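A closer look at the structure
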Amino acid sequence: MTRGYRRHVIDSLHLEENDKEIHLEIVNKARALGYTVVEIPATIRWENPEKADRKLKRPGISRFIIPHIIICLHVGSIRFLAWASIGIGLIGMLLTLAGVLNKLFHVLPVSLPYLVTYGLLLLLLSILCGMFGLMSIELGFVYRSLIHIQAQLKALRQSADPEPPRDSISGSRK
């Protein structure tokens, strides 16, 4: 997979990841700073097909899947919690309504004494999911603020020391 980034965007990000998952951090922080992420379809043609076909040592697949799942839950948690809250709330209302109607009018052929209790418990669970969704929104605002602060600090450091010191022996930058 090949990725391209604009230098001024990468320079404005405070990156902490040093491994394969750095692209997740770059995309997440770039979106938090208001940059757009664009996918451009491309075909990669290898110079030497034999080298491209060779088997590489593959680490466990969970090493790659787990960070992606965590980022998806972090970024998309509000959608998940909103749908869970709506779904659980609807089921809770239906169970409560069915339980009340059954107690009053004996609509169902069997007696279900705990149907109202289960419905009310599901309604409480729905409220909890909704509250966690609101907390997720607030944490998103805090996260975006933190990313902005990190970007401003990095820009201040770069403006204070625009060029790293050179090694006196080799002349290379540290």
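Given the structure is predicted, the values throughout are model-derived calculations rather than measurements.

Rules behind the numbers
- Residues numbered from 1 in each chain as written.
- Predicted model: local features only at pLDDT ≥ 70, side-chain atom pairs only at ≥ 80, totals over all residues.
- Heavy atoms only, no water.
- Helix = DSSP H or I, 4+ residues; strand = E, 2+ residues; numbered from the N terminus.
- Buried < 20%, exposed > 50% of the residue type's maximum accessible area, 1.4 Å probe, protein only.
- Contact = heavy atoms within 4.5 Å.
- Patch = residues over 30% accessible without salt bridge, like charges linked within 9 Å, V, L, I, M, F, W, Y side chains within 5 Å.
- Areas by Shrake-Rupley, 256 points an atom, 1.4 Å probe, with all protein chains shown as cover.
- Salt bridge = Lys/Arg side-chain N within 4 Å of Asp/Glu carboxyl O.
- Core = buried A, V, L, I, M, F, W, Y, C linked by side-chain atoms within 4.5 Å.
- 1 Å grid on protein atoms, 1.4 Å probe; cavity = no way out; pocket = protein on both sides within 12 Å on 5 of 7 lines; lining within 4 Å.
- Points joined across faces, edges and corners; volume = space filled by probe spheres on them.
- Expected span 1.5 Å × (residues − 1).
- Phe/Tyr/Trp six-rings, centres within 6.5 Å; stacked < 30°, edge-to-face > 60°.
- pLDDT = per-residue confidence, 0-100.

Description of the overall build of the protein
Tallying secondary structure elements over the protein gives 5 helices and 0 strands in all. Across the protein, helices and strands are ordered from the amino to the carboxyl terminus as α-α-α-α-α. Within the protein, the fraction of its 174 residues that count as buried is 20%. For the protein, contacts bridging at least 24 residues in sequence account for 57% of all contacts bridging at least 6.

Re a nonpolar patch on the surface
Residues Tyr114, Tyr118, Leu121, Leu124, Leu125, Ile127, Leu128, Met131, Phe132 and Met135 make up a contiguous nonpolar surface patch of about 1,100 Å² in total accessible area. Relative to the elements of secondary structure, Leu121 occurs in helix α5 (residues 115–160).

Re the nonpolar core
Val9, Leu13, Ile26, Ala30, Ala32, Leu33, Ile147 and Ala151 form the largest nonpolar core, which has 8 residues in total. Those elements that provide at least two residues to this core are α2 (22–32) and α5. In terms of residue count, the dominant contributor to this core is α2 (3 residues). Leave out the neighbours within four places in its chain, and Leu33 touches Ser12, Leu13, Ile147, His148 and Ala151.

Regarding the pattern of salt bridges
Per the counting criterion, the structure on display carries 2 salt bridges. Salt-bridge contacts for Asp11 lead to Arg7; the nearest nitrogen and oxygen are separated by 3.5 Å. In this pair, Asp11 and Arg7 are both assigned in helix α1 (residues 7–12), 4 residues apart and thus about one turn of the helix distant. Among the salt bridges present, the one from Glu25 reaches Lys29, with a minimum N-O distance of 2.8 Å.

Things to note about the layout of surface pockets
Put simply, the largest pocket is a space of about 1,400 Å³. If you go around the largest pocket, you meet 38 residues; those closest to its centre are His23, Val27, Asn28, Arg31 and Val37. The set of elements that each furnish at least two residues to the lining of the largest pocket consists of α1, α2, α4 (62–105) and α5. With 8 residues, α2 is the largest single contributor of residues to the lining of the largest pocket.

Description of α5
Its 46 residues place the ends of α5 67 Å apart at the C-alpha level, agreeing with the 68 Å of an ideal helix rising 1.5 Å per residue. By the burial criterion, the buried members of α5 are Leu115, Val116, Gly119, Ser126, Cys129, Gly133, Ser136, Gly140, Ile147, Gln150 and Ala151. Those residues of α5 that are buried lie in contact with α1, α2 and α4.

Examining the packing of aromatic side chains
Each aromatic ring pair is specified by the distance between its two centres and by the angle formed by the two planes. Per the stated rule, a full pass over the model turns up 1 aromatic pair. Geometrically, the ring pair formed by Tyr114 and Tyr118 is tilted, given 6.4 Å between the ring centres and 45° between the ring planes. Accessibility expressed as a relative area gives 53% for Tyr114, which makes it exposed. By relative accessible area, Tyr118 is classed as partly exposed at 48%.

Here's the deal with the confidence of the model for the protein
Taken as a whole, the protein shows an average pLDDT of 83; of its residues, 84% reach a score of 70 or greater. Of all the helices and strands in the protein, helix α3 (residues 49–53) carries the lowest mean pLDDT, 55, while α5 carries the highest, 92.

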